[in-house]
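# Inside the fold
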Amino acid sequence: MTIRYPTFVMIQLRVAAARPIHPVNLFRNVRYKSSRGALPTMEMPTIRPQQSHRIAARELGELPTDMGLLPDTFIMPTGKNLPSLIISPASRLQLESRRLGQRIYDWRDKLVYRYFVGKLHLWEPKNVAVSLHKDMYTAFSQGDLETLRLICGDGLLESFKKRLMTRGRARMEWKLHEYVRPAKTVSNKAHYYTGMNLSRRQAVVRLHSLQSLTRFNPQGQIVEGTNIPKEVVEYLVIEKKKVDGVESPWHIWGTTAETIGTFISEASLGL
């Protein structure tokens, strides 16, 4: 069934696709640290965001394999990172305003994507992220480079290659005991690039799990203190592209962190 949009809506969609608007980023991303315990030794490497991918692609005349984190990816802080409405109301309201504004921009981009590319399966990233998360850490602990090559982006794959070379033949075993909380999609973006035969889906999924990493010495004995289960919170970034009508499967781009605002404390102003 073909959806027919009114003429004025079609005009707005074409303008939006040709000139994507992104709100001014007043925030910075920082590494999230779980308040429930230290992260295990095998921590996912974080890839630095790259926001000039579209310009770079046109200048080089080719499509880069790793296009980076989509601009204005917003992840609402939690726990101690979330300003209190009582102690820091201005900071909290600024974050809430940013979240609402970003959702509006994201839905605009989804509508453009739906019109030019096709149907969106908005619930898909959550389930895919859980599966990829298990496969990635299992493959890394086993030194399975072929599996990592299939499910990881180029930047993340290179990071894993270096870590495997450093590790050598040392044996380790990763175990997922349980997911403490259900997986939650905290960012779900879709972007259509006008004139490039390219579209992208990118999502950030919050995974709160209980996991352990066991290391073995050359004699095959467990290294003391390495097999203790720990709670870990990760923000896994997954994406897929559609180039010249051919869509790739979901893969892991890397990890990111909660968005923390650079605010002036009301207490410092005597409010």
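For the structure, see preceding data.
Right, let's walk through the structure included here. In this text the structure is predicted, and so the values were computed from the model without any measurement. Position labels on residues start from 1 in each chain and follow its written sequence. Predicted model: local features are reported for residues with pLDDT of at least 70 only, side-chain atom pairs are reported and counted for 80 or more only, and whole-chain, interface and lining totals are derived from all residues. Hydrogen atoms and water are omitted, and side-chain values are computed over all heavy atoms in the structure.

Residue Asn 197 is not a glycine yet carries a positive backbone phi of 50°. Relative to the elements of secondary structure, Asn 197 occurs in the loop between strand S2 (172–193) and strand S3 (198–215). On the accessibility criterion, Asn 197 (53% relative accessible area) is exposed. We note that Asp 244 has phi near 50°; this positive angle belongs to a residue other than glycine. Here Asp 244 lies in the loop between strand S4 (230–243) and strand S5 (246–247). Labels follow the DSSP assignment, with helices taken as runs of H or I lasting at least four residues and strands as runs of E lasting at least two, numbered in each case from the N terminus. To sort residues, take the accessible area from a 1.4 Å probe on protein chains only and compare it with the maximum for the residue type: under 20% means buried, over 50% means exposed, and anything in between is partly exposed.

Before going further, it helps to spend a moment on the pattern of salt bridges. Salt-bridge detection follows one rule: a side-chain nitrogen of Lys or Arg within 4 Å of a carboxyl oxygen of Asp or Glu. One pass over the structure, following the stated rule, counts 10 salt bridges. A salt bridge links Arg 149 to Glu 146, with the nearest nitrogen and oxygen atoms 2.8 Å apart. Pair noted here: Arg 149 and Glu 146 are both in helix H5 (residues 145–151), with a separation of three residues, about one helical turn. Since its relative accessible area comes to 36%, Arg 149 is described here as partly exposed. According to the relative accessible area criterion, Glu 146 is exposed, its value standing at 53%. As a salt-bridge pair, Arg 200 and Glu 239 come within 2.7 Å of each other at their nearest N and O atoms. Pair noted here: Arg 200 is in strand S3 and Glu 239 is in strand S4, with a separation of 39 residues, a long-range link. Comparing Arg 200 with Glu 239, the two get one shared label, buried. When salt bridges with common partners are traced through the structure, they connect Arg 92, Glu 96 and Arg 99 into a single cluster.

Glancing now at the nonpolar core. The nonpolar core is taken to be a set of buried Ala, Val, Leu, Ile, Met, Phe, Trp, Tyr and Cys residues, with the residues joined through side-chain atoms within 4.5 Å. Of all hydrophobic cores here, the largest spans 26 residues; its most connected members are Met 136, Leu 148, Cys 152 and Ile 238. Per element, the largest residue contribution to this core is eight residues, and it comes from helix H4 (residues 124–142). Two residues form a contact once any of their heavy atoms are found within 4.5 Å. Residues in contact with Ile 238, not counting those within four places in the same chain, are Pro 125, Val 128, Ala 129, Leu 132, Arg 201, Gln 202, Ala 203, Trp 250, His 251, Ile 252 and Trp 253. Grouped together as the second largest cluster of nonpolar side chains are seven residues, Leu 69, Tyr 235, Val 237 and Trp 253 included.

This part covers the pairing of S3. In terms of burial, S3 is largely enclosed, as 17 of its 18 residues are buried. Whether two strands pair comes down to DSSP finding at least two bridges between them. Across 17 bridges, S2 lies against S3 in antiparallel orientation. What sits directly across from Arg 181, in S3, is His 208. Between S2 and S3, which pair antiparallel one after the other, the connecting turn spans four residues, and Gly 195 there sits at a positive phi close to 75°. Taken together, the 14 bridges between S3 and S4 define a ladder with antiparallel strand orientation. Paired with Gln 211 across the bridge in S4 is Lys 230.

One less than the residue count of a helix, multiplied by 1.5 Å, gives the span that helix is expected to have. Relative to the 40 Å expected for 28 residues at 1.5 Å per residue, helix H3 (residues 89–116) spans 41 Å between its end C-alpha atoms, a close match to the ideal helical length. For H3, the set of buried residues is Ser 91, Arg 92, Leu 95, Arg 98, Gln 102, Asp 106, Arg 108, Asp 109, Lys 110, Val 112 and Tyr 113. Residue Gly 118 follows H3 closely and has a positive phi angle near 150°.

Note on helix geometry: an α-helix contains 3.6 residues per turn, so any two residues three or four positions apart are oriented the same way. The terminal C-alpha atoms of H4, which comprises 19 residues, lie 28 Å apart, in line with the 27 Å expected from a rise of 1.5 Å per residue. The complete set of buried residues in H4 reads Pro 125, Val 128, Ala 129, Val 130, Leu 132, His 133, Met 136, Tyr 137, Ala 139, Phe 140 and Ser 141. Looking at the buried side of H4, the elements it contacts are H5, helix H6 (154–167), S2, S3, S4 and strand S6 (251–256). Within two residues after H4, Gly 143 carries a phi angle of roughly 70°, on the positive side.

So, about the environment of Gly 155. Positionally, Gly 155 belongs in helix H6. On a C-alpha basis, the gap between Gly 155 and Ile 252 in space is 10.0 Å, while along the polypeptide they are 97 residues apart.

In short, the description is geometric, and any link to function would need to be established separately.
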